[in-house]
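Summary of the model geometry
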Amino acid sequence: NGHPSPPEEKKVPGAASGGGGGGGGGWAGAPGPAAPALKEGRVAVRALERGRQAVLLRRGGLRERPFESQEALPGRFLLLPTAFHADHLREGVAPLDFDGGGIGPGSAAPARAGEVAVRSYAELTGAWAAPPESARDLFDELADEELHIWSPEFFSARLERAKPGPTSVLELRVYLAAEPVSVREADFAGCFSWVDLGAGSASVLDAPAEPAMGFLEFSRRQAALRAALDRVAPGCPRLAVRGGPGA
């Protein structure tokens, strides 16, 4: 018909496929992904890169199993910013720019049209599954502690769903790559959280990088996050982490 076929989506081995149906956990199978990446809204990625927060709250993609059902989460992974979801910034939070500059070692010229720049990776230092009955209280508690940037609309849009389930709490230490890479955005479309950016992007995980947040500030935020979990969702289960600080 003269139209090119859409690119095949690159997802990690064992990721669920189809309309939310079966399949193994997002990280089952071997060999593992060459360059595992978590897709996240660009405003959250920029906040992580600027040292504005060190936590993500997730329910998982609509076409995959929830994080708590996956075999193990990667201990280190790239951050792939997306523009699919609204920003939902909390009142009083200064807007974050997306011009590609000004964030330290990861700053570079904006990616070309149709591409997205991957400037950072994260170490997963802890992960928990907060039960549905505690999720909103935890969200509000973390907002009061200024540990995340989101408005209440973020909770309604991203974390509340018709089918109840735990909210995954990801504690991250983020690093800025000295030499960012660009990937074709269309290659990683679809409602999946985890994708494999391929061997061409693996260098970002191995090259020298600078932490987005100093050790003392990260330690303060880490302690505040864990204290909030103990208050609001005591005893919530930890998620399995493969090969990282949170393992």
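Before going into details, it helps to say that this report is about the structure given with it. (Residues numbered from 1 in each chain as written. Predicted model: local features only at pLDDT ≥ 70, side-chain atom pairs only at ≥ 80, totals over all residues. Heavy atoms only, no water.)

1. Some thoughts on the overall build of the chain
To keep it simple, the criterion reads: Only DSSP runs of H or I covering at least 4 residues are called helices, and only runs of E covering at least 2 are called strands; the numbering of each starts at the N terminus. Buried, partly exposed and exposed residues are distinguished by accessible area as a fraction of the type maximum, computed with a 1.4 Å probe on protein chains only: under 20%, between the cut-offs, and over 50%, respectively. A contact between two residues is defined here by any heavy atoms of the two lying within 4.5 Å. For the accessible areas, the method is Shrake-Rupley and the probe is 1.4 Å, while residue cover comes only from the protein chains on display.
From N to C terminus, the chain includes five helices and nine strands. Taken from N to C terminus, the helices and strands of the chain fall in the order β-α-β-β-β-β-α-α-β-β-α-β-α-β. Residue burial in the chain is summarised as follows: out of 247 residues, 50% are buried. A fraction of 84% describes how many contacts in the chain between residues 6 or more apart in sequence connect residues 24 or more apart. With an accessible surface of roughly 11200 Å², the chain has 52% of that area assigned to carbon and sulfur atoms.

2. Some details on the pairing of strand 4 (residues 76-82)
Selection criterion: Pairing between two strands requires that DSSP report at least two bridges joining them.
By the criterion of burial, strand 4 is predominantly enclosed, with six of the seven residues buried. Relative to strand 4, strand 1 (residues 36-41) runs parallel, the two being bridged by five bridges. Each bridged residue has a counterpart across the sheet, and for G41 the counterpart in strand 4 is T82. As paired strands, strand 4 and strand 5 (residues 115-130) are joined by three bridges and run antiparallel to one another. The residue bridging F77 from the neighbouring strand is A122, located in strand 5.

3. Focus: unusual backbone geometry
The phi torsion at E146 lies on the positive side, around 55 degrees, for a residue other than glycine. Following the sequence through the fold, E146 ends up in the loop between helix 2 (132-144) and helix 3 (152-159).

4. Details of the side chain of S201
Within the element layout of this structure, S201 appears in the loop between strand 7 (194-196) and helix 4 (203-206). Dropping the residues within four chain positions of it, S201 is found in contact with A35, L78, V181 and V183.

5. Considerations on the packing of aromatic side chains
Applicable threshold: For Phe, Tyr and Trp, where Trp contributes only its six-membered ring, two rings pair if their centres lie within 6.5 Å, and the inter-plane angle classes them as stacked under 30 degrees, edge-to-face over 60, or tilted in between. We call a charge positioned above a ring when the Lys NZ or Arg CZ atom is no farther than 6 Å from the ring centre and deviates by at most 35 degrees from the ring normal.
Taken as a whole, this structure holds five aromatic pairs when the rule is applied. When the ring of F139 is compared with that of F154, the centres are 6.2 Å apart and the planes differ by 10 degrees; the resulting orientation is stacked. In this pair, F139 sits in helix 2 while F154 sits in helix 3, placing the two residues 15 residues apart along the sequence. For the pair F139 and F154, one class covers both residues: buried. What links up through ring pairs into an aromatic cluster is the set F139, W150, F154 and F155. Above the ring of Y121, the side-chain terminus of R76 is found at 4.9 Å from the ring centroid. The ring of F218 is capped by R173, whose NZ or CZ atom sits 5.2 Å from the centre of that ring.

6. Focus: the pattern of salt bridges
Operational definition: We count a salt bridge whenever a side-chain nitrogen from Lys or Arg sits within 4 Å of a carboxyl oxygen from Asp or Glu.
The full count for this structure, using the stated rule, is nine salt bridges. Among the salt bridges present, the one from R231 reaches E145, with a minimum N-O distance of 3.5 Å. Pair noted here: R231 is in helix 5 (residues 215-232) and E145 is in the loop between helix 2 and helix 3, with a separation of 86 residues, a long-range link. Classification of E145 by relative accessible area gives partly exposed; the value is 35%.

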